[in-house]
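# Analysis of the macromolecular model
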Amino acid sequence: AASLTVVAQHADRIARIVRNLQAFARPDARERHAVELAEIVAGAREIAGRGLAPLRLAVDVPPRGLAVSVDRWQVERVLANLLGNAAEACGGQGT
């Protein structure tokens, strides 16, 4: 039963990856807005949440002055995925 649970979790993860790849391959007409980079990074940290513990994330982004024109939700997801991958690669140790 535990093996089936693991297989199901991996299948869900693969399905998410495929959906994300499809979304990037066929970008829709989402609106882009000027957003401060610091806000996007903060949102990505929030999305990544518990997956970063017990790591300490040091962010060096000025709170203002680095506005980018993007689909905020999509960029936050990308950064959150990168943060999660980095935390996994660190094995729970590091900054």
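Heads up: these notes are all about the structure in this document. (Residues numbered from 1 in each chain as written. Predicted model: local features only at pLDDT ≥ 70, side-chain atom pairs only at ≥ 80, totals over all residues. Heavy atoms only, no water.)

### A short note on helix H3 (residues 72-90)
Here is the rule: To qualify as a helix, a DSSP run of H or I must reach at least 4 residues; to qualify as a strand, a run of E must reach at least 2; elements of each kind are numbered from the N terminus. One less than the number of residues in a helix, times 1.5 Å, gives the span that helix is expected to have. Burial classes: relative accessible area under 20% of the type maximum marks a residue as buried, over 50% as exposed, and values in between as partly exposed (1.4 Å probe, protein chains only). Contact definition: two residues touch when any of their heavy atoms are within 4.5 Å.
Between its first and last C-alpha, H3 extends 27 Å over 19 residues, near the 27 Å set by a 1.5 Å rise per residue. Listing the buried residues of H3 in full gives Gln-74, Glu-76, Arg-77, Ala-80, Leu-83 and Ala-87. Those residues of H3 hidden inside the fold are in contact with helix H1 (2-25) and helix H2 (37-48). Backbone geometry just downstream of H3 places Gly-91 in the positive-phi region, at approximately 65°.

### A closer look at the environment of Ala-34
Assignment of secondary structure puts Ala-34 in strand S1 (residues 33-36). Note on Ala-34: relative accessible area 66%, which makes it exposed. Sequence-wise, Ala-34 and Gly-91 are 57 residues apart; in three dimensions their C-alpha atoms are separated by 35 Å.

### A short note on the nonpolar core
Our working rule: Among the buried residues, those of types Ala, Val, Leu, Ile, Met, Phe, Trp, Tyr and Cys that are joined through side-chain atoms within 4.5 Å form a nonpolar core.
Within the largest apolar cluster, 7 residues are counted, these being Ala-44, Ala-48, Leu-52, Leu-55, Ala-80, Leu-83 and Ala-87. Mapped onto this core, the elements with two or more residues apiece are H2 and H3. Sequence-distant contacts of Ala-48, defined by excluding residues within four places in its chain, comprise Ala-80 and Leu-83.

### Here's the deal with the pattern of salt bridges
The criterion, for reference: In the sections that follow, a salt bridge refers to a side-chain nitrogen of Lys or Arg positioned within 4 Å of a carboxyl oxygen of Asp or Glu.
For the structure shown, the criterion picks out 3 salt bridges. Arg-72 serves as the salt-bridge partner of Glu-39, at 3.3 Å between the closest nitrogen and oxygen. Of this pair, Glu-39 sits in helix H2 while Arg-72 sits in helix H3, placing them 33 residues apart in sequence. Residue classification places Glu-39 among the partly exposed residues on the basis of a relative accessible area of 33%. Residue Arg-72 is classed as partly exposed on the basis of its relative accessible area, which comes to 33%. For Arg-72, the salt bridge is made with Glu-76, and the minimal N-O distance between the two is 2.7 Å. Within this pair, Arg-72 and its partner Glu-76 are both found in helix H3, separated by 4 residues, close to a single helical turn. Assessed through its relative accessible area of 10%, Glu-76 is described here as buried. Within the structure, one salt-bridge network assembled from shared partners comprises Glu-39, Arg-64, Arg-72 and Glu-76.

### Topic: H2
Where we set the bar: Directions drawn from the helix axis to the C-beta atoms are what define this arc.
Compared with an ideal rise of 1.5 Å per residue, which puts 12 residues at 16 Å, H2 spans 16 Å between its outermost C-alpha atoms and is within 8% of the ideal. For H2, every residue scored as buried is listed here: Ile-40, Val-41, Gly-43, Ala-44 and Ala-48. Burial along H2 is one-sided: seen end-on, the buried residues are contained in an arc of 160°. Lining the buried residues of H2 we find S1, strand S2 (67-70) and H3. Among the residues trailing H2, Gly-49 stands out with phi positive, at a value near 45°.

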